[in-house]
Amino acid sequence: MITWLEHDTPFPDPASALTDLDGPGGLLAAGGDLSPQRLIDAYRQGIFPWFSEGQPILWWNTDPRMVLYTADIRISDSLRRKLRQVERSRRGDGAGPGGLRWEIRFDTAFEAVMRACAAPRRDGAGTWISDAIVAAYCNLHRAGFAHSSEVWLDGALVGGAYGVSIGHMFYGESMFARVTDASKIALVYLARFLRQNGVTMIDCQQETAHLASLGARPISRTAFLTHLQRAIRAPQIARWNPVPPC
């Protein structure tokens, strides 16, 4: 049986989350709220919210846990060519297709990135990112714990990713792309920035083929929580500025 959270109920032991044998894998608790304090407490324990409209807030701690080590991001040949194009544009040495200019920004359009991630996908499916989730993470962004990596093409936001940062731990939430590879570009620059600031792991929460294609892999909940407890004790990243062009 999962725990029902009232406003002041603490989370149960993250290791007590349900397994695939006795319920939806990783489900830990339901209820509570999406205040910055509750969300920070959750992430510090490796717990994240994931629920659909009409459901109570559901809190998860999956096992195994999908993670991406920032030094291990996988870059295909086609993505590498696109990244060279982006770098030339950022240095002022050239432009993208049609003379368009690429920019990489952090935290200049956090809500717009979330709204884009929440938009229906090409297959017509919606996402779990409701208005309540957008409002909650915008509050977390204003508190300095949620950040966006953004790809701009000729002044238009065409791709991005967002997540939560605590100490030397980054919890990836979602990505979007309006042009080919834009979400991957956002992730590559985010991973490079995090690596330069001492962050070795991005939490990807759940296993998918797309994440695996980018180099993410599953690890045990025990291994994840062990890493987490070390990482969250490190100082917060002070300044979120994209890395300079190579």
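Presented here is a report on the structure given in the accompanying data block. (Residues numbered from 1 in each chain as written. Predicted model: local features only at pLDDT ≥ 70, side-chain atom pairs only at ≥ 80, totals over all residues. Heavy atoms only, no water.)

A word on a positive patch on the surface. Taken together, R80, R81, R84 and R88 make up a surface patch of like positive charges. Among the secondary structure elements, R80 is positioned in helix α2 (residues 77-91). (Patch = residues over 30% accessible without salt bridge, like charges linked within 9 Å, V, L, I, M, F, W, Y side chains within 5 Å. Areas by Shrake-Rupley, 256 points an atom, 1.4 Å probe, with all protein chains shown as cover. Salt bridge = Lys/Arg side-chain N within 4 Å of Asp/Glu carboxyl O. Lys, Arg positive; Asp, Glu negative; His and termini not counted. Charge placed at Lys NZ, Arg CZ, Asp CG, Glu CD. Helix = DSSP H or I, 4+ residues; strand = E, 2+ residues; numbered from the N terminus.)

Pairing within the open sheet is mixed, and its 7 strands lie in the order β6-β7-β8-β9-β10-β5-β11. Looking at strand neighbours, the two that pair on one side only are β6 (102-106) and β11 (217-219), the edges of this open sheet. For this sheet, the mean angle separating the axes of adjacent strands, direction not counted, is 35 degrees. Where strand β5 (residues 65-69) lies against strand β10 (residues 201-205), 4 bridges are found, and the strand directions are antiparallel. The partner of Y69 across the bridge, within β10, is M201. Helix-sheet contacts for helix α3 (residues 110-118) involve β7 (146-153), β8 (156-166) and β9 (169-177), and the interaxial angle to β8 is about 100 degrees. (Pairing = 2+ DSSP bridges. Axes fitted to C-alpha atoms, helices over the stretch in contact; angles between N-to-C directions. Contact = heavy atoms within 4.5 Å.)

Strand pairs in the sheet, formed through backbone hydrogen bonds, run parallel or antiparallel to each other. The strand order β1-β2-β4-β3 describes an open sheet built from 4 strands, whose pairing is mixed. In this open sheet, the two strands that pair with only one neighbour each are β1 (3-5) and β3 (48-49). Both β3 and strand β4 (residues 58-60) contribute to a ladder of 2 bridges, which runs antiparallel. Pairing of F48 across the sheet is with W60, part of β4.

What the rule picks out here adds up to 10 aromatic pairs. When the ring of F110 is compared with that of Y162, the centres are 5.9 Å apart and the planes differ by 80 degrees; the resulting orientation is edge-to-face. Of the two residues, F110 sits in helix α3 while Y162 sits in strand β8, which places them 52 residues apart along the sequence. With a relative accessible area of 3%, F110 lands in the buried category. Between the aromatic rings of Y137 and Y162, the centroid separation amounts to 6.2 Å while the plane-to-plane angle is 75 degrees, which identifies the pairing as edge-to-face. With Y137 in helix α4 (residues 131-142) and Y162 in strand β8, the pair connects residues that are 25 residues apart, well separated along the chain. Its relative accessible area of 0% is what places Y137 among the buried residues. A residue is classified by how much of its surface remains accessible, and Y162, at 1% relative accessible area, is buried. Through successive ring pairs, a cluster of aromatic residues spans Y43, F110, Y137, Y162 and Y171. Over the ring of W152 we find R105, and its NZ or CZ is 3.9 Å from the ring centre. (Phe/Tyr/Trp six-rings, centres within 6.5 Å; stacked < 30°, edge-to-face > 60°. Buried < 20%, exposed > 50% of the residue type's maximum accessible area, 1.4 Å probe, protein only. Lys NZ or Arg CZ within 6 Å of the ring centre and 35° of its normal.)

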